[in-house]
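Residue-level structure breakdown
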Amino acid sequence: MPGALRTKIAVNHYMMAMVAALAEALTAARTAGVDVASVVRVLEASPMDSPIARVKAAKLVAGDESPQAAISDVVKNCRLVLDAAREAGATTPIIDLVAGLYEATAASGHADADMVAVARMFAAPPAE
């Protein structure tokens, strides 16, 4: 596998995990009654700020699942990451979990939604 492709796979590995973590954090904050827009402003003023985090956080705050990076494409990219990791003998518990979350999102009928739809996996179950 060429070095440029391995580099792209490594970057995608980080980005997919980062977006899932952002979705989890903002969903947990919303569930706890925290103003997620305030959380996003703090993130944007922190070392954790990045262009992708800004775009995806805005989508999460707005509930906008229109696709920029569809869950189905993210699932394919997760498979590429996992295949490359297995081939290299790397240990990858985080992306293993993240891949399962994106796969579950796709299986729940949201394969065409943006990758932020992974937040659905963190939503509190309805009260009975």
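So, how was this worked out
- Residues numbered from 1 in each chain as written.
- Predicted model: local features only at pLDDT ≥ 70, side-chain atom pairs only at ≥ 80, totals over all residues.
- Heavy atoms only, no water.
- Helix = DSSP H or I, 4+ residues; strand = E, 2+ residues; numbered from the N terminus.
- Polar contact = N/O pair within 3.5 Å; in protein donor to acceptor, adjacent residues only side chain to side chain.
- Salt bridge = Lys/Arg side-chain N within 4 Å of Asp/Glu carboxyl O.
- Buried < 20%, exposed > 50% of the residue type's maximum accessible area, 1.4 Å probe, protein only.
- Axes fitted to C-alpha atoms, helices over the stretch in contact; angles between N-to-C directions.
- Parallel < 35°, antiparallel > 145°, perpendicular 65-115°, else oblique.
- Left-handed = near helix turned anticlockwise from the far one by under 90°.
- Contact = heavy atoms within 4.5 Å.
- Nonpolar A, V, L, I, M, F, W, Y, C, P; charged D, E, K, R; others polar.
- Core = buried A, V, L, I, M, F, W, Y, C linked by side-chain atoms within 4.5 Å.

Side note on the side chain of D114
Residue placement: D114 occurs in the segment after α5 (93-110). Only 2.9 Å separates the side chain of D114 from the backbone nitrogen of Q68, close enough to count as a polar contact.

Examining the pattern of salt bridges
Counted by the stated rule, this structure contains seven salt bridges. Between D114 and K56 there is a salt bridge, and its shortest N-O distance comes to 2.9 Å. Taken together, the residues D114 in the segment after α5 and K56 in helix α3 (residues 51-62) connect sequence positions 58 residues apart. We classify D114 as buried; its relative accessible area is 0%. Where salt bridges share partners, they join E44, D49 and R54 into one cluster.

A short note on the packing of helix α1 (residues 3-31) against helix α4 (residues 71-88)
Following both chains from N to C, one finds α1 and α4 inclined at 120°, their axes separated by 9 Å at the closest point. Overall, the two elements α1 and α4 adopt an arrangement that is oblique. α1 and α4 meet at a crossing whose hand is left-handed. Residues I9, N12, H13 and M16 of α1 lie in contact with α4, whose contacting residues are V74, N77, C78, L80, V81 and A84. Of the residues assigned to the contact of α1 with α4, the class counts are seven nonpolar, three polar and no charged.

Digging into the nonpolar core
Ranked by internal contacts, the top residues of the largest apolar core, which has 32 residues, are M16, L26, L60, Y102 and M115. Broken down by secondary-structure element, the contributors of at least two residues to this core are α1, α2 (36-44), α3, α4 and α5. Considering every element that reaches this core, the biggest residue donor is α1, with ten residues.

Digging into the side chain of T27
Along the chain, T27 falls in helix α1. Take T27: its relative accessible area is 9%, and that puts it in the buried class. With residues near it in sequence (within four places) discarded, T27 still touches A119, F122 and A123.

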